[in-house]
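# Residue-level structural notes
Residues per chain, in single letters:
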Amino acid sequence: MRVVATIDVSAPPEAVWEYVSDPERYLHFMSGVTRWEVVSDEPRGLGARYRMLMRVGSAEVGGLIEVIEYAEAGDLAWTSVTGLDQRGRWRLRRRPGGRTRVEFRLSYGVAGAGFFGWLSEQIGAPTVRGHLQRSVRQLKRQVEQEQSRRRAATRRRARAGA
Amino acid sequence: MSDTRIADRAQTNGHATQDQGDGRGLVARLVSGLAEQVQSRIPVADLDERDPDYIRENLPRQWLLSSLYFRGEVRGLGNIPEKGPVLLVGNHSGGNLTPDTIVFTLAFCAYFGVERAFYQLAHNLVLSMPGLSFLRKFGTVAASHDNARKALESGAALLVYPGGDYEVHRPVWERHRVDFGGRKGFIRLALDHDVPIVPVVSVGGQETSLFLSRGETLSKALGLDRMFRLKVLPISIALPWGLNVGDMLGHLPLPAKITIEALPPIYLRDEFGLEPDHGEVYDHLMRAMQETLDALAAERRFPVLG
């Protein structure tokens, strides 16, 4: 099952990247995620590993994931090492007016689970989709608020200097 | 009467024997034969029978059952130590079909991954029932000290229900009561292997049928306690049977909401000294579990619906 959530953020890709590449921020903006723990020596970058869990129905599902694509202010993708089979991707694209199109993709399933695997993917999809949509909305709000704070700080410094 | 028959009667103090061919003798022979069948079917403990791939492939099925039918909710899994052997001690509900085990096993395997060894002790009868051999792939082994020892020595998490058949068949009006029947063997087990105890409290399972009586007297009268280690012969009203005596064929559980909470681990020697008093540990555990069960029960607004 592949679930996608998209949103436009009024901030440049670099500002959004600060959030999606920082594992410490995940619990603050990701909906339904109960754990996003660094388990590798390097907390960021290609090969970084995290243990993540997302509440779906009666269980917290997820497992160990590894970052397999890390293009600054562009794409961040991961794949599962253990646990639920999953591939996730943050895709940031620059838009006119200093804006960013953010796309959050998550493909998941259990290989070999047959009909019941398919059925559980379908039934779980609305919950997962809801988590992703809330996550991108929370990401947008946090990034834009941070941008506002920075702009206000810049204005205060300019006034103080003048 | 021949000399041989007279000699036989003398050996049995004149009581009827199985050889006399009357009704009681026939029943006794049948029950005894069944007991032998059950004993022969009990699988030898082999921890290798647990199959992580099989569990993983069946997690979606369990998830459907747990999420849609029982609307399961499991809290406090973060209280379970991330690594190493641990003894999970739970209260048991739901008759011979125990929905709390289904919900908890799913939650545990999803949370820690199927790679973490996790075993559950079950009554001999459960493992010897036809069609339930798949449970061994989930890590279910017959309840015995030997199996428990092997599991903990292998570094696994082990789930035990000290109340066993006694607790699981308690009447529905005692559904919000933790009752191990005074069984404390798990404390010795935890001390012998120096592993923490994590209490696991569940509510809702005893609302999956209308359990009326444990039927202890009936079980004793029929000799089931000696032959099958069955202290009870439960009587309930359950689907699809109506009046259900023994629950040997299982039943269709009502879709009661199951809520489970794992409590913080108890490190016995740290908290109770090098040689803890078993009674003190037992009382502490009972108190903690009962208080949690009371709190979980207080959250429920309606029977079954939760």
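Description of the structure in this document. (Residues numbered from 1 in each chain as written. Chains lettered and ligands numbered in written order. Predicted model: local features only at pLDDT ≥ 70, side-chain atom pairs only at ≥ 80, totals over all residues.)

## What about the sheet that holds strand 8 (residues 235-238) of chain B?
All names here are of chain B. As summarised here, the arrangement of the three strands in space is 7-8-9, forming an open sheet in which the pairing is antiparallel. Edge positions in the open sheet fall to strand 7 (210-213) and strand 9 (242-245), since each of these has one partner strand only. On average, each strand axis in the sheet is tilted by 30° relative to the strand beside it, whichever way the strands run. (Pairing = 2+ DSSP bridges. Helix = DSSP H or I, 4+ residues; strand = E, 2+ residues; numbered from the N terminus. Axes fitted to C-alpha atoms, helices over the stretch in contact; angles between N-to-C directions.)

## Looking at the interface of chain A and chain B
If you look at the interface, chain A gives 17 residues, while chain B gives 19 residues. Going through the elements one at a time, strand 4 (59-71) and helix 3 (114-161) of chain A are the ones with two or more residues in the side of chain A that touches chain B. Here the side of chain A that touches chain B is built from residues that sort into eight nonpolar, eight polar and one charged. (Contact = placed C-beta atoms within 7 Å. Nonpolar A, V, L, I, M, F, W, Y, C, P; charged D, E, K, R; others polar.)

## Comments concerning the environment of Val304(B)
Residue and element names in this part refer to chain B. Structurally, the position occupied by Val304 is in the segment after helix 12 (278-299). Judged by C-beta crowding, with 12 C-beta atoms within 10 Å, Val304 ranks as exposed. Considering only alpha carbons, one finds Val304 and Asp270, 34 residues apart in sequence, at a separation of 40 Å. When residues no more than four places from it in sequence are discounted, the contact partners of Val304 are Glu207, Leu254 and Ala256. (Buried ≥ 20, exposed ≤ 12 C-beta atoms within 10 Å, placed from the backbone.)

## A closer look at the environment of Arg71(B)
All names here are of chain B. Inspection of the secondary structure puts Arg71 in the loop between helix 3 (52-69) and strand 1 (73-75). Judged by the 18 C-beta atoms lying within 10 Å of it, Arg71 falls in the partly exposed class. As for Arg71 and Leu263, which are separated by 192 residues in sequence, their C-alpha atoms are 21 Å apart. Arg71 has contacts with Lys257 and Gly306, leaving out every residue within four places of it along the chain.

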